[in-house]
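Here's the letter readout for the chains.
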Amino acid sequence: MPRSNRRREEQAELDLERALAGRLRTEAKRDGVWNVQPQSASSSVKSYLCPGCGLDIEPGTAHVVTWRADGIMGEADDLAARRHWHAHCWKIRA
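On a predicted model such as this, the values are computed, not experimentally measured, just so you know. Sequence order sets the numbering: in each chain, residues are counted from 1 along the sequence as written. Side-chain atom pairs in this predicted model are given and counted only at pLDDT of 80 or more, local residue features only at pLDDT of at least 70, and totals for whole chains, interfaces and linings cover all residues. Water and hydrogen atoms play no part in the side-chain values, which are based on all heavy atoms of the structure.

## Digging into the pattern of salt bridges
Here is step 1 of the chain: One side-chain nitrogen of Lys or Arg within 4 Å of one carboxyl oxygen of Asp or Glu is enough to make a salt bridge. For the coordinates displayed, the defined rule picks out three salt bridges.
Here is step 2 of the chain: Between Asp 31 and Arg 93 there is a salt bridge, with its nearest N and O atoms 2.5 Å apart. Here the residue Asp 31 occupies a position in the loop between β1 (25-29) and β2 (32-39), and Arg 93 occupies one in the segment after α3 (87-92), the gap between them amounting to 62 residues.
Here is step 3 of the chain: For Asp 31, a relative accessible area of 36% translates into the label partly exposed.
Here is step 4 of the chain: In this structure, the salt-bridge partner of Asp 70 is Arg 68, at a minimum N-O distance of 2.9 Å.
Here is step 5 of the chain: Per-residue accessibility, obtained with a 1.4 Å probe over protein chains only, is compared with the maximum for each type, and a residue is labelled buried under 20%, exposed over 50%, and partly exposed between these values. Using a relative accessible area of 34% as the deciding quantity, one classes Asp 70 as partly exposed.
Here is step 6 of the chain: For Arg 68, a relative accessible area of 27% corresponds to the partly exposed category. Numbering of helices and strands runs from the N terminus; a helix is a DSSP stretch of H or I covering at least four residues, while a strand is a stretch of E covering at least two.

This is the structure:
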């Protein structure tokens, strides 16, 4: 049977930026369950204040974005209250 040279529509192209950025995960901390989304250095274009150490997260710095996964006010409210943390600050947070 001859091989088909037609391109298959169902094949998704790899988005390298998304692959390098990491995947959304859920972490349980002492104060509840949190969604944690790694942010790559190349996709970090704004400056943020880390709530862990109080220092700036400069543009071009890899970090994590977190929001509650078990909030009582609803998913939209939890997402609006998300915060950007240095990865180390989030890791050592109790």
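## A closer look at the pairing of β2
Here is step 1 of the chain: The buried fraction of β2 is high, at six of eight residues.
Here is step 2 of the chain: Pairing of β1 with β2, which is carried by five bridges, proceeds in the antiparallel orientation. Note on β2: the bridge partner recorded for Lys 29 is Gly 32.
Here is step 3 of the chain: Hairpin remark: β1 followed by β2, antiparallel, with two residues in the connecting loop.
Here is step 4 of the chain: Note: β2 against strand β5 (residues 63-68), six bridges, orientation antiparallel. Each residue of the ladder has a partner; that of Asn 35, found in β5, is Trp 67. For two strands to be treated as a pair, DSSP must find at least two bridges joining them.

## Details of the pairing of β5
Here is step 1 of the chain: Burial analysis of β5 places five of its six residues in the buried class, the great majority of the element.
Here is step 2 of the chain: Two elements, β5 and strand β6 (residues 83-85), share three bridges in a ladder whose sense is antiparallel. Note that in β6 the partner of Val 64 across the bridge is Trp 85.

Function-wise, these values are silent; they only describe arrangement.
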